[in-house]
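So you can see what is in the structure, the chains are spelled out below.
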Amino acid sequence: MSFRRRFFAAVAFFATALSISFTTEFASKAYAGEDDSALISFGVGYFDALRAVKDDDADDAADFRLEYRHDEKLWIFKPWAGVEVTSEGGIWGGAGILVDIYFGKNVVLTPNFGVGAFEEGSGLDLDSVIEFRSQIELAYRFEDRSRLGFAISHISNAGIGDENPGTEIATIYYHLPLEKLF
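Residues numbered from 1 in each chain as written. Predicted model: local features only at pLDDT ≥ 70, side-chain atom pairs only at ≥ 80, totals over all residues. Heavy atoms only, no water.

Draft legend 1. The overall build of the protein chain, seen in detail. Counting its regular elements, the protein chain contains 3 helices and 9 strands. Starting at the N terminus, the α and β elements of the protein chain follow one another as α-α-β-α-β-β-β-β-β-β-β-β. Here the protein chain, with 182 residues, has 43% of them falling under the buried criterion. Intrachain contacts of the protein chain at a sequence separation of at least 6 include 56% that bridge at least 24 residues. (Helix = DSSP H or I, 4+ residues; strand = E, 2+ residues; numbered from the N terminus. Buried < 20%, exposed > 50% of the residue type's maximum accessible area, 1.4 Å probe, protein only. Contact = heavy atoms within 4.5 Å.)

In structure tokens:
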């Protein structure tokens, strides 16, 4: 199975899981994550992952992330802020909201959305300083509340630039509860 088909199969799986979580009795009995703490998140990934599979001349690069995920909820949403840097000198910094959806105590599905500023460095030109990031992450939550997860994200200018090339990033995350650092 090609990378592109696996990617879209994963997106379909996450969308199905999300709809099931909101429409079944299981979701009402799911762990609500009341004991979650703020998280410092470290990620490493593959920038421009889909284009690299399709095109040998893609501007693929390594992607490194550092994020802060707040523990306080605004209804069901939690704020987050972060920065990501590519091995080609690109940098994106932004903030947004996320929702943690629990399947039991240990499996967490986290869709999130944010807006930020992007500088291309010597890599991919996304045609705008303002770029939006949408992401879906599936993580395993350990007993100490740390998490290990895999995320697929998309960054694009949503059509506010002359062109909207966009890019996808595949990322592996490790989330560490803030109190573990002090």
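Anyway, onward from the coordinates.
Draft legend 2. Looking closely at the nonpolar core. Counting residues in each nonpolar core, the largest one holds 10 residues, listed as F47, A61, W80, W92, L98, F118, L124, L126, I155 and I169. Every residue in contact with W92, bar those within four places of it in the chain, is listed here: W80, G82, V83, E84, G114, V115, G116, A117, F118, E131, R133 and I155. (Core = buried A, V, L, I, M, F, W, Y, C linked by side-chain atoms within 4.5 Å.)

Draft legend 3. Local environment of the pattern of salt bridges. On inspection of all chains with the given rule, the structure shows 12 salt bridges. The closest approach of N and O atoms between D100 and K78, which form a salt bridge, is 3.0 Å. Residue D100 is found in the loop between β4 (91–98) and β5 (101–103), and its partner K78 is found in strand β3 (residues 78–86); the two are separated by 22 residues along the sequence. Judged by its relative accessible area of 5%, K78 falls in the buried class. Here the residues in one salt-bridge network are D63, R65, E67, R69, E84, R133 and E137, joined through shared partners. (Salt bridge = Lys/Arg side-chain N within 4 Å of Asp/Glu carboxyl O.)

Draft legend 4. Region of interest: the pairing of strand β1 (residues 39–47). Both β1 and strand β2 (residues 61–69) contribute to a ladder of 9 bridges, which runs antiparallel. For G45, the partnering residue across the bridge sits in β2 and is D63. (Pairing = 2+ DSSP bridges.)

Draft legend 5. Representation of the pairing of strand β6 (residues 107–119) within the structure. As defined by bridge partners, β4 adjoins β6 across 8 bridges and the pair is classed as antiparallel. Looking across to β6, one finds that I97 is bridged to F113. Judged from the 3 bridges that link them, β5 and β6 form a sheet pairing that is antiparallel. Looking at β6, one finds that I101 is bridged to L109. Hairpin connection between β5 and β6: a loop of 3 residues separates the two successive antiparallel strands, and G104 in this loop has a positive phi of roughly 75 degrees. As defined by bridge partners, β6 adjoins strand β7 (residues 130–141) across 11 bridges and the pair is classed as antiparallel. By the bridge assignment for β7, V107 is matched with Y140.

Draft legend 6. Looking closely at unusual backbone geometry. With a phi angle near 75 degrees, R145 is a residue other than glycine that sits in the positive phi range. For R145, the position within the fold is in the loop between β7 and β8 (147–156). Classification of R145 as partly exposed rests on a relative accessible area of 24%. Non-glycine residue A158 carries a positive phi angle of around 55 degrees. Along the chain, A158 falls in the loop between β8 and β9 (167–177). Using a relative accessible area of 53% as the deciding quantity, one classes A158 as exposed.

Coordinates in, geometry out; function isn't part of it.
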